[in-house]
Protein chains: 2
Amino acid sequence: MTMTMHNPPHPGEVLRDLCLEPLGLTVTDAAAALGVSRKTLSAIVNGRAGISPEMALRLSIAFNTSPESWLNQQSQYDLWVARQGSPKMKVQKLYAA
Amino acid sequence: MTMTMHNPPHPGEVLRDLCLEPLGLTVTDAAAALGVSRKTLSAIVNGRAGISPEMALRLSIAFNTSPESWLNQQSQYDLWVARQGSPKMKVQKLYAA
DNA sequence: TAACCCGTAACGTTATTGGTTACAATATGG
DNA sequence: CCATATTGTAACCAATAACGTTACGGGTTA
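(A) Focus on the overall build of chain A. Check the secondary structure of chain A and you find 5 helices and 0 strands. Reading chain A from its N terminus to its C terminus gives the helix and strand order α-α-α-α-α. Taken over the C-alpha trace, chain A has a radius of gyration of 16 Å; the compact-globule value for 97 residues is 13 Å, which it surpasses by more than 25%. Taken across its 97 residues, chain A has 34% of its residues classed as buried.

(B) A look at the interface of chain A and chain B. With 33 residues of chain A at the contact, the number on the chain B side is 33 residues. Breaking the side of chain A that touches chain B down by element, the ones donating at least two residues are α2 (27-34), α4 (53-63) and α5 (67-85) of chain A. The element best represented in the side of chain A that touches chain B is α5 of chain A, accounting for 9 residues. Residue composition of the side of chain A that touches chain B, grouped by class: 20 nonpolar, 6 polar and 7 charged.

(C) Fine view of the packing of α4 of chain A against α5 of chain A. Residues and elements named next belong to chain A. α5 packs onto α4 with a crossing angle of 135 degrees between their chain directions and a minimal axis gap of 8 Å. One element, α4, and the other, α5, form an angle in the oblique class. The interaxial crossing formed by α4 with α5 has right-handed handedness. Facing α4, whose interface residues are P53, A56, L57, L59 and S60, α5 presents P67, W70 and L71. For the contact of α4 with α5, the residue count by class is 7 nonpolar, 1 polar and no charged.

(D) Representation of the relation of the copies chain A and chain B. Once chain A has been moved 0.0 Å along the axis and rotated by 180 degrees, it coincides with chain B to within an RMSD of 0.2 Å. Such a combination of rotation and displacement between the chain copies is what one expects of a two-fold axis. Closest to the rotation axis within chain A is the C-alpha of N72 of chain A, separated from it by 3.5 Å. Mapped onto chain B, 100% of the interface residues of chain A are again interface residues, and the two copies thus contact each other with one and the same surface.

(E) Broad picture of the protein's contact with DNA strand C. Of all residues adjacent to DNA strand C, which total 16 residues, the nearest are T26 and T28 of chain A together with S37, T40 and G50 of chain B. Sorting the residues of the surface near DNA strand C by element identifies α2 and α3 (38-45) of chain A together with α3 (38-45) and α4 (53-63) of chain B as the ones contributing at least two each. No other element matches the 3 residues that α3 of chain A contributes to the surface near DNA strand C. Within the surface near DNA strand C, the residues separate by chemical class into 4 nonpolar, 8 polar and 4 charged.

(F) Examining the protein's contact with DNA strand D more closely. Near DNA strand D you find 15 residues, and of these S37, T40 and G50 of chain A together with T26 and T28 of chain B are the closest. Elements with a minimum of two residues in the surface near DNA strand D: α3 and α4 of chain A together with α2 (27-34) and α3 of chain B. Here the surface near DNA strand D is built from residues that sort into 4 nonpolar, 8 polar and 3 charged.

(G) Representation of the environment of V27 of chain A in the model. Residue and element names in this part refer to chain A. Here V27 is to be found in helix α2. Residue classification places V27 among the partly exposed residues on the basis of 17 C-beta atoms within 10 Å. Put simply, V27 and S75 are 48 residues apart on the chain and 24 Å apart in space, counted from C-alpha to C-alpha. Those residues in contact with V27 that lie beyond four places of it in its chain are R38, L41, S42 and V45.

(H) Broad picture of helix α1 (residues 11-23) of chain B. Residues and elements named next belong to chain B. The end-to-end C-alpha distance of α1 is 17 Å, a good match for the 18 Å that 13 residues give at a rise of 1.5 Å each. The axis of α1 is deflected most strongly, by about 25 degrees, at D17. Where α1 is buried, its residues contact α3 and α5 (67-85).

(I) The environment of E68 of chain B, seen in detail. Mapped onto the elements of the fold, E68 of chain B is located in helix α5. The exposure class assigned to E68 of chain B is partly exposed, which follows from the 15 C-beta atoms found within 10 Å. Taking the C-alpha atoms as reference, E68 of chain B lies 9.0 Å from P53 of chain B; in sequence the two are 15 residues apart. What E68 of chain B contacts, discounting residues up to four positions off in sequence, is S75 and L79 of chain A.

Here is what the cut-offs are and how they apply
- Residues numbered from 1 in each chain as written.
- Chains lettered and ligands numbered in written order.
- Predicted model: local features only at pLDDT ≥ 70, side-chain atom pairs only at ≥ 80, totals over all residues.
- Helix = DSSP H or I, 4+ residues; strand = E, 2+ residues; numbered from the N terminus.
- Rg over C-alpha atoms; globule rule 2.2 N^0.38 Å.
- Buried ≥ 20, exposed ≤ 12 C-beta atoms within 10 Å, placed from the backbone.
- Contact = placed C-beta atoms within 7 Å.
- Nonpolar A, V, L, I, M, F, W, Y, C, P; charged D, E, K, R; others polar.
- Axes fitted to C-alpha atoms, helices over the stretch in contact; angles between N-to-C directions.
- Parallel < 35°, antiparallel > 145°, perpendicular 65-115°, else oblique.
- Left-handed = near helix turned anticlockwise from the far one by under 90°.
- Least-squares fit on C-alpha atoms with pLDDT ≥ 70 in both.
- Near = placed C-beta within 6 Å.
- Expected span 1.5 Å × (residues − 1).
- Bend = angle between axes of the 7 residues up to and from the residue.

And the structure:
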């Protein structure tokens, strides 16, 4: 609400809103629990870094979720970004050949 | 039934078996149609490179598929690799806190 | 004031994606 | 048999991403 809404939300936004804030977790504490640096988690929750496969595993362990859910969110976001970035790519259809 | 988990196939394997071979497409021709270099496509179909979001878009256009299907396959593969690489990560559970 | 949290800049390392060019091996067709 | 096509791959390049440490300034709060 407060931030710019993207069509697919950045996974870091979901992480902050649905995981950190409900538990009253600080970025510093969550980073320590996840076993990553404070900078790394900060970049994620501020939308400047994506969820890597290994990070998805860490999140799944820490928050009792599925790693697939995090990577799927990331894929949706990446796909949205890719579509914005290259509105017209030169690709020939091959299924009618 | 299966104690031995089959590793998820590399998306490049699927690409070769389900897209290139059925249509009799060479790597050279498919690369040209996709608008990428021959090396790039060769690396993918030989399992030495992943499907990037932009490549998923190209494949979806060329083969009339969904880009999500390609990225989901890639996620499954990446997740499997990540699990193999780090069998035990130091991550603290936060959902019971 | 002191302690804490946060964002972020400034360095580094490592890995991946993508390109071009070039070469050798193996087809395949005339 | 020979010419061409196809393929994998190596050697270079650049850009980007993830992750780390260290350090700084701004904000909040006890």
